[in-house]
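# What the coordinates show
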Amino acid sequence: MSDTDFPVRHGADDRIHPWTRYVALGDSFTEGIGDPEPNSPGGHRGWADRVAEELSRGHRDFAYANLAIRGRLLQQIVDEQLGSCMDLKPDLVSISAGGNDLIRPGGDPDALAERLDATVQTLSSEGATVVLFNGPDTVSSVLGRIRGKVAIYNENLRTVAARHDAVVADMWSLRQLSNSQMWDEDRLHFSPLGHHTIATMVLDSLNVPHNLEPLQPKPLPQRSWQEARSGDLVWAREYFVPWVIRRIRHQSSGDGILPKRPTPGPVFGPADSVLPRN
């Protein structure tokens, strides 16, 4: 999308863009896990809510639905969310899927990309703008062992995006995500600062002016090796072991969870303001 696709009136708290109905599809990442907010539907805010808040500025008729549910695999997202999304007739759709597949043994980045390609074709068939997320660079995280699979999936995803004229929200190149303050204490989801940073990147990818400012987190204090080891043991007990047990029992963190925003509606974010149209 170029700067000439829609006019921007600088100097006014008014954002002009071509979309009126945004639907977000995905798993815990899009649901907003790691960014708790009691006043948000479902108790989580997340990058998608933050993006919708900015897109709603100056757009009285803008509506937003979020169908994402934590723990979902790509095929589950297709089976459970794709049809509902198409029924809502969005003109902007985001889909982040495949991460939960890749962290499982046998997760095939090539097979996942083929499945995603058919999904994006359906999403774009009615003229909607589709936003795809590649995976972040996991080199310095607890998911470093799957870095190679993520890189292959990312390259396949770029091919899918090119085939269907989709927008790529480039998480791999978002080097700020290597900062530990961008991650939740479970080390698997993003913190409020991480979600904020990702929302900024998505809006920039869509070429939408916004009010989000890059935040400069203070560096973490240097920890002794004893403190670091103690923190690792706590993390393993509270987060990693329960995750392994769920895998063994074929359970999902999303079992029994419903979408937090199943129908499109107006956005009422903490910084949201609706201005009359000219």
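Residues numbered from 1 in each chain as written. Predicted model: local features only at pLDDT ≥ 70, side-chain atom pairs only at ≥ 80, totals over all residues. Heavy atoms only, no water.

So, about the overall build of the protein. A tally of regular secondary structure across the protein gives eight helices and six strands. Each helix and strand of the protein, ordered N terminal to C terminal, gives the series β-α-α-β-α-β-α-α-β-α-β-α-α-β. Within the protein, contacts between residues separated by at least 24 positions form 76% of all contacts whose residues are at least 6 apart in sequence. Surface exposure of the protein reaches about 13,900 Å², of which carbon and sulfur atoms provide 53%. (Helix = DSSP H or I, 4+ residues; strand = E, 2+ residues; numbered from the N terminus. Contact = heavy atoms within 4.5 Å. Areas by Shrake-Rupley, 256 points an atom, 1.4 Å probe, with all protein chains shown as cover.)

Looking now at the environment of Leu212. Assignment of secondary structure puts Leu212 in the loop between α7 (192–205) and α8 (225–248). Leu212 sits in the buried class, given a relative accessible area of 16%. Put simply, Leu212 and Glu54 are 158 residues apart on the chain and 8.4 Å apart in space, counted from C-alpha to C-alpha. Contacts of Leu212, omitting those with residues within four sequence positions, involve Glu54, His196, Ala199, Thr200 and Leu203. (Buried < 20%, exposed > 50% of the residue type's maximum accessible area, 1.4 Å probe, protein only.)

Within the largest apolar cluster, 33 residues are counted, with the highest numbers of intra-cluster contacts made by Leu25, Ile95, Leu123 and Leu132. Broken down by secondary-structure element, the contributors of at least two residues to this core are β1 (21–26), α3 (74–88), β3 (92–96), α5 (109–124), β4 (129–133) and α6 (147–164). Ranked by residue count, the leading element in this core is α3, at six residues. Contacts of Leu123, omitting those with residues within four sequence positions, involve Leu25, Leu82, Cys85, Met86, Val93, Ile95, Ala128 and Val130. Core analysis: the second largest hydrophobic core is formed by 32 residues, Tyr22, Trp47, Ala52 and Leu193 among them. (Core = buried A, V, L, I, M, F, W, Y, C linked by side-chain atoms within 4.5 Å.)

Turning our attention to the side chain of Arg261. With respect to the secondary-structure elements, Arg261 resides in strand β6 (residues 261–265). Filtering out sequence-adjacent residues up to four positions away, Arg261 remains in contact with Pro41, Asp49, Tyr64, Ala65, Asn66, Leu67 and Pro266.

It is worth spelling out the sheet that holds β1 at this point. As summarised here, the arrangement of the six strands in space is β5-β4-β3-β1-β2-β6, forming an open sheet in which the pairing is mixed. Only two strands of the sheet have a single partner each, and these edge strands are β5 (167–169) and β6. Between one strand and the next, the sheet's axes are offset by a mean angle of 15°, whatever the strand orientation. The pairing of β3 with β4 spans four bridges and is classified as parallel. When the sheet's bridge partners are listed, Ile95 is paired in β4 with Leu132. Against the sheet, helix α2 (residues 46–55) touches β1, β2 (63–66), β3, β4 and β6, its axis set at about 170° to β1. Running over the sheet, α7 touches β4 and β5 and is turned about 160° from β5. (Pairing = 2+ DSSP bridges. Axes fitted to C-alpha atoms, helices over the stretch in contact; angles between N-to-C directions.)

Next up on the list: the confidence of the model for the protein. Taken residue by residue, the protein gives an average pLDDT of 81. The fraction at 70 or more is 75%. Taken as a whole, residues 216–221 scores under 50 in pLDDT and shows six contacts with residues more than four places along the chain or in a different chain. Note on residues 223–228: pLDDT is under 50 here. Beyond four places in sequence and across chains, it has one contact. (pLDDT = per-residue confidence, 0-100.)

Time to look at the packing of aromatic side chains. Applying the stated criterion across every chain yields a total of six aromatic pairs. Centre to centre, the rings of Phe29 and Phe133 are 5.3 Å apart; their planes meet at 80°, and the pair counts as edge-to-face. Here Phe29 is found in helix α1 (residues 28–31), whereas its partner Phe133 is found in strand β4, with 104 residues between them in sequence. Judged by its relative accessible area of 10%, Phe29 falls in the buried class. Ring-pair connections join several aromatic residues into one group, and the members of that group are Phe29, Trp47, Phe133, Trp183 and Phe190. (Phe/Tyr/Trp six-rings, centres within 6.5 Å; stacked < 30°, edge-to-face > 60°.)

Our focus in this paragraph is the packing of α2 against α7. Across the interface, α2 lies against α7 with an axial gap of 8 Å and an inter-helix angle of 45°. Between α2 and α7, the angle falls in the class oblique. Along this stretch, α2 crosses α7, giving a crossing that reads as right-handed. Within the contact between the two elements, α2 uses Gly46, Trp47, Arg50, Val51, Glu54 and Leu55 and α7 uses Pro192, His195, His196, Ile198, Ala199, Val202 and Leu203. (Parallel < 35°, antiparallel > 145°, perpendicular 65-115°, else oblique. Left-handed = near helix turned anticlockwise from the far one by under 90°.)

Here we come to unusual backbone geometry. Peptide bonds are mostly trans, and most non-glycine residues show a negative phi. The residue Lys89 is not glycine, and still its phi comes out positive at about 50°. Checked against the element boundaries, Lys89 lands in the loop between α3 and β3.

Scanning all chains against the criterion turns up eleven salt bridges. Its salt-bridge partner being Glu53, residue Arg45 comes within 2.7 Å of it at the nearest N-O pair. The buried category is assigned to Arg45, whose relative accessible area is 14%. We classify Glu53 as buried; its relative accessible area is 7%. The network of salt bridges with shared partners includes Asp49, Lys260 and Arg261. (Salt bridge = Lys/Arg side-chain N within 4 Å of Asp/Glu carboxyl O.)

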